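Notes for the structure review
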Amino acid sequence: MPQAEDMDRLTEMEAFVQVVDNGGFTDAARKMNLSKSAVSKHVSALEARLGVRLLNRTTRRVSPTEVGLAYYDRARSVLAEAGEADSMVTAMQATPRGSLRISAPVTFGVRPLAGVIAGFLAAYPEVDINLVLDDRFVEVVAEGFDLAIRIGTLADSSLKARRLAETRMVIVAAPAYLAGAGTPRTIDDLNDHRLLHYSQLATGNFWRLRTALGEERQVRVGGRLTVNNGEALMRAAEAGIGIALVPSYMIGDALAKGRLVEILASRPPDVFGIYALYPPGRFPQPKLRAFVDHLAERFRGVGPDAWPA
């Protein structure tokens, strides 16, 4: 039967590889938990099927022939692939359990992410989450995180990334501020206004904005308020201190209830991806895979503007 023949082939390959790795039949038999004669029969059957001698046998040592050495390299790859296939199935069937250490930007963690995590914990009672909110970019592996949420353009790294949603950067101000200072009609008009500075901005002390023609303009920000947290930045804008550039996921309620007004809404949107980053590995642990899948499902179709208020 074909299935039995495939199993025999894998066993023959494994016997041959073990003999080469261990330098003889005795140690190979011990490693495979078989008799020495059984291992010898598997190797002989492999040679007979291939019609070639794979091993040089003497009373003192066993070594691969030239053909045997070439076959050894391919056989090891096949066995490794088979082992990984087994591991994949085992991982997919395992129940998610254990602890996850998650990093996320403060406002994103407080607003959309917290509710998503609550749903995950309800669905997976054997998983615990340690959520660390910080607006800096953490070193995922070095600092012991299982996953980090990143917003914006990703730097080159060995981390795996899954795109979850999109957000866009929105220029906003309070109606009271605009009533007193006037409403900017062009990007250049922003230079005459109080612009609130988010100190973690990747572009430093500048906003990079595109005109209707697609030209990029830089607008210098700073002055009365510099802050390293998006929530505090938005609250300052609501209080009428100045104009802020904030992501769309955090202002739905403020726009809907009139606490903030979008400025220069007709300019081309600056859209950024929201990603789950996690350490590389062919088959992630069940708890991590379940969490990433949960994030992807809950954020499907969200953004860049369709964020819950």
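The preceding data block contains the structure.
Remember, predicted model here, so these are calculated numbers, not experimental data.

1. What to know about the pattern of salt bridges
Applying the stated rule across the entire model yields 22 salt bridges. The partner of Lys257 in a salt bridge is Asp253, with the nearest N and O atoms 3.3 Å apart. Overall, the relative accessible area of 61% leaves Lys257 in the exposed class. The closest approach of N and O atoms between Arg267 and Asp270, which form a salt bridge, is 2.6 Å. In this structure Arg267 comes out as buried when scored by relative accessible area, which is 11%. For Asp270, a relative accessible area of 11% puts it in the buried group. Each member of the salt-bridge network shares a partner with another, and the members are Arg111, Glu231, Arg235, Glu238, Asp253, Lys257 and Arg259.

2. A short note on the pairing of strand S8 (residues 206-210)
Of the two faces of S8, the one holding Trp207 and Leu209 is buried and the one holding Phe206, Arg208 and Arg210 is not buried anywhere. Pairing of S8 with strand S9 (residues 216-220), which is carried by five bridges, proceeds in the antiparallel orientation. Counted as the bridge partner of Arg210 is Glu216 from S9. Turn length for the S8-S9 hairpin, with the two strands adjacent in sequence and antiparallel, is five residues, and the turn residue Gly214 shows positive phi of about 90°.

3. Here we look at the side chain of Ser103
Along the chain, Ser103 turns up in strand S3 (residues 98-104). The exposure class assigned to Ser103 is buried, which follows from its relative accessible area of 3%. The contacts of Ser103, once residues within four sequence positions are left out, are Val132, Val138, Phe145, Leu147, Ala148 and Ile149.

4. Quick word on the environment of Pro279
For Pro279, the position within the fold is in the loop between strand S13 (271-278) and helix H9 (286-298). The exposure class of Pro279 is partly exposed, given its relative accessible area of 27%. Look past the residues within four positions of Pro279 in its chain and what remains in contact with it is Val140, Val141, Phe145, Asp146 and Leu159.

5. Some remarks on the nonpolar core
Among the nonpolar cores identified, the biggest contains 41 residues, and Leu147, Ile149, Leu295 and Phe299 are the most heavily contacted of them. Those elements giving two or more residues to this core turn out to be S3, helix H5 (106-123), strand S5 (147-151), strand S6 (160-173), helix H7 (230-238), strand S11 (244-247), S13 and H9. Excluding its chain neighbours within four sequence positions, the residues that come into contact with Leu147 are Arg101, Ile102, Ser103, Ala276, Leu277, Tyr278, Leu288, Phe291, Val292 and Leu295. Of all hydrophobic cores here, the second largest spans 18 residues; its members include Met32, Leu46, Tyr71 and Ala75.

Here is what the cut-offs are and how they apply
- Every chain's residues receive numbers from 1 upward, in the order its sequence appears when written.
- Since the coordinates come from a predicted model, pLDDT governs what is reported: local features require at least 70, and pairs of side-chain atoms require 80 or more to be given and counted, while whole-chain, interface and lining totals use all residues.
- The side-chain figures draw on all heavy atoms in the structure; neither hydrogens nor water molecules are used.
- A side-chain nitrogen of Lys or Arg and a carboxyl oxygen of Asp or Glu constitute a salt bridge if their distance falls within 4 Å.
- The classification of residues rests on relative accessible area computed with a 1.4 Å probe and restricted to protein chains. Under 20% of the type maximum is buried, over 50% is exposed, and intermediate values are partly exposed.
- Where helices and strands are cited, they refer to DSSP runs of H or I of at least four residues and of E of at least two residues respectively, numbered from the N terminus.
- When DSSP finds at least two bridges between two strands, those strands are taken to pair.
- A contact between two residues is defined here by any heavy atoms of the two lying within 4.5 Å.
- The set of buried Ala, Val, Leu, Ile, Met, Phe, Trp, Tyr and Cys residues whose side-chain atoms join them within 4.5 Å is what this entry labels a nonpolar core.

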